[in-house]
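Now for the letters of each chain:
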Amino acid sequence: MKNKVYDIIGDIHGEAETLRKLLVSLGYTKKGEGYSHSERKAVFVGDFLDRGPDNFATLEIVERMVNAGNAYAVLGNHELNVISYYTKYENGEYLREHNAKNRAGIKSSYEEFKTDKAKRKYYLKWLRTLPLFLELDEFRVVHAAWDDKAVALLKKENPENRLSKKFLRRVFSERGELFKAMLLILKGREFKMPEDMILKDGHGFKRMAYRIKWWEPINGQTFEEISLGNKFSLPNYTIPQELCFDIPLYPFNEKPVFFGHYCLNDKAGVIRENLCCVDGCIADGGVMLAYRWESGKLDQNNIVQVEKARLETMVE
């Protein structure tokens, strides 16, 4: 029997036209139920929303493919931010406070969602049906980081693997280990800087923490060496022992993991023999990526990428 084949598609961030361009380049055709392929199935790694101009159009493409059985999709941290912004506790208060900072974090979605409340309600409900992670026969999919302990806790406490309102209210009110597990797989692992170390990004904002490789030990590495997808310079000297902490390593003999989130530009793709980041940073001047999975070892030659689409040149 022929193995199932998949196209794992990276972060979209509201770039619906570029997503259409990528799907067409992968051999998908548009029919009544949306895009489909006669032999392949798409797998979306999350972050459909924010930054780009067409959030509703992006959701429509992904939702139709998933509902028709032509795709799988997992949630990203941007979906979590949007869902929690619009979800209320039983007392009527929102999970994420409706302040300027939180609105700014979902600005693109917020502005578009204001235009059609019925459509917003429909897609928020649909997003809550998507899983936080996937374990297929030959590989795993998660938005930011795979951690066995976090996944095991989520499986135990949230066996449906969905962001139901009940589950969201629980984790946001408790802010305990379950909340941390959810954030770990959706936002990744971070290194918190010492209070006396001032770190500023390219916009001049102070950074208290930064994203790090979730599969390697910290010991013996520099601040820069453990960094993953950060857009600012880091000290290139070895991290003091007293600042190091143990990271559960992802073994080389485990199933491949596909993830997005890190905006790696030209460094995206296969970053280890069983790890592949498919976020080509389309939201920040990069490209949109997909990995064409057949079976066996990961191969950088299986990466497909497209530049941001221009409306006047887009042809289906």
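Here the structure is a predicted model, which is why all the values come from computation and not from measurement. (Residues numbered from 1 in each chain as written. Predicted model: local features only at pLDDT ≥ 70, side-chain atom pairs only at ≥ 80, totals over all residues. Heavy atoms only, no water.)

Novice: Explanation requested: the pairing of strand β13 (residues 288–293) in the structure shown.
Specialist: Within a regular strand, the side chains alternate between the two sheet faces. Burial runs high along β13: five of the six residues are buried. Both strand β1 (residues 5–9) and β13 contribute to a ladder of four bridges, which runs antiparallel. Residue Tyr6 lies in a different strand from β13, and its bridge partner there is Trp293. (Buried < 20%, exposed > 50% of the residue type's maximum accessible area, 1.4 Å probe, protein only. Helix = DSSP H or I, 4+ residues; strand = E, 2+ residues; numbered from the N terminus. Pairing = 2+ DSSP bridges.)

Novice: Would you mind showing me how to read the packing of helix α3 (residues 77–86) against helix α6 (residues 117–127) here?
Specialist: Any two packed helices are characterised by the angle at which their axes cross and by the distance between the axes. One way to put it is that α3 packs onto α6 with a least axis distance of 10 Å and a crossing angle of 120°. One element, α3, and the other, α6, form an angle in the oblique class. Remark: the crossing between α3 and α6 carries left-handed chirality. Two secondary-structure elements touch here, α3 through Glu79, Val82, Ile83 and Tyr86 and α6 through Arg120, Leu124 and Leu127. Among the residues making up the contact of α3 with α6, the classes are represented as five nonpolar, no polar and two charged. (Axes fitted to C-alpha atoms, helices over the stretch in contact; angles between N-to-C directions. Parallel < 35°, antiparallel > 145°, perpendicular 65-115°, else oblique. Left-handed = near helix turned anticlockwise from the far one by under 90°. Contact = heavy atoms within 4.5 Å. Nonpolar A, V, L, I, M, F, W, Y, C, P; charged D, E, K, R; others polar.)

Novice: Please explain the sheet that holds β13 as it appears in this structure.
Specialist: Strand pairing in a sheet relies on backbone hydrogen bonds. The paired strands run either parallel or antiparallel. Pairing is mixed in the open sheet, where five strands are placed in the order β5-β4-β1-β13-β14. The open sheet is flanked by β5 (71–73) and β14 (303–306), the only strands paired with a single partner. Ignoring strand direction, the axes of neighbouring strands in this sheet form an average angle of 20°. As paired elements, β1 and strand β4 (residues 40–44) share five bridges and run parallel to each other. Residue pairing for β4: Ile8 is matched across the bridge by Val43. In this fold helix α1 (residues 16–25) packs onto β1, β4, β13 and β14, with an angle of close to 140° to the strand it touches most, β14.

Novice: Is there a simple way to explain the nonpolar core in this structure?
Specialist: Across soluble globular proteins, you tend to see nonpolar side chains buried next to one another. Among the nonpolar cores identified, the biggest contains 91 residues, and Ile8, Phe44, Phe48, Met182 and Trp214 are the most heavily contacted of them. For Met182, the contacting residues outside a window of four places in its chain are Leu80, Leu154, Leu163, Phe167, Val171 and Phe172. (Core = buried A, V, L, I, M, F, W, Y, C linked by side-chain atoms within 4.5 Å.)

Novice: Help me understand helix α9 (residues 177–187) in this model?
Specialist: An α-helical turn contains 3.6 residues, so any two residues separated by three or four positions project in the same direction. Buried within α9 we find Leu178, Phe179, Ala181, Met182, Leu184, Ile185 and Leu186. In this structure, the buried residues of α9 make contact with α3, β6 (133–135), β7 (140–142), α7 (148–157) and α8 (165–174). Within two residues after α9, Gly188 carries a phi angle of roughly 90°, on the positive side.

Novice: Help me understand the state of the cysteines, please; the structure alone is not making it clear to me.
Specialist: Two cysteines joined by a covalent bond between their sulfur atoms form a disulfide. The tally for this structure, following the rule as stated, stands at one disulfide. Note that Cys263 is cross-linked by a disulfide to Cys281, the S-S spacing being 1.7 Å. What sets the handedness of the Cys263 and Cys281 disulfide is the S-S torsion sign, and at about 50° it is right-handed. Of the two residues, Cys263 is situated in the loop between β10 (257–259) and β11 (269–272) and Cys281 in the loop between β12 (275–277) and β13; the sequence distance between them amounts to 18 residues. For the pair Cys263 and Cys281, a shared accessibility class is recorded, and that class is buried. Note on Cys276: no disulfide assigned, nearest cysteine sulfur contributed by Cys277 at a separation of 7.3 Å. The class for Cys276 is buried, based on a relative accessible area of 0%. (Disulfide = S-S within 2.5 Å.)

As far as function goes, none of this settles anything; it's purely spatial.
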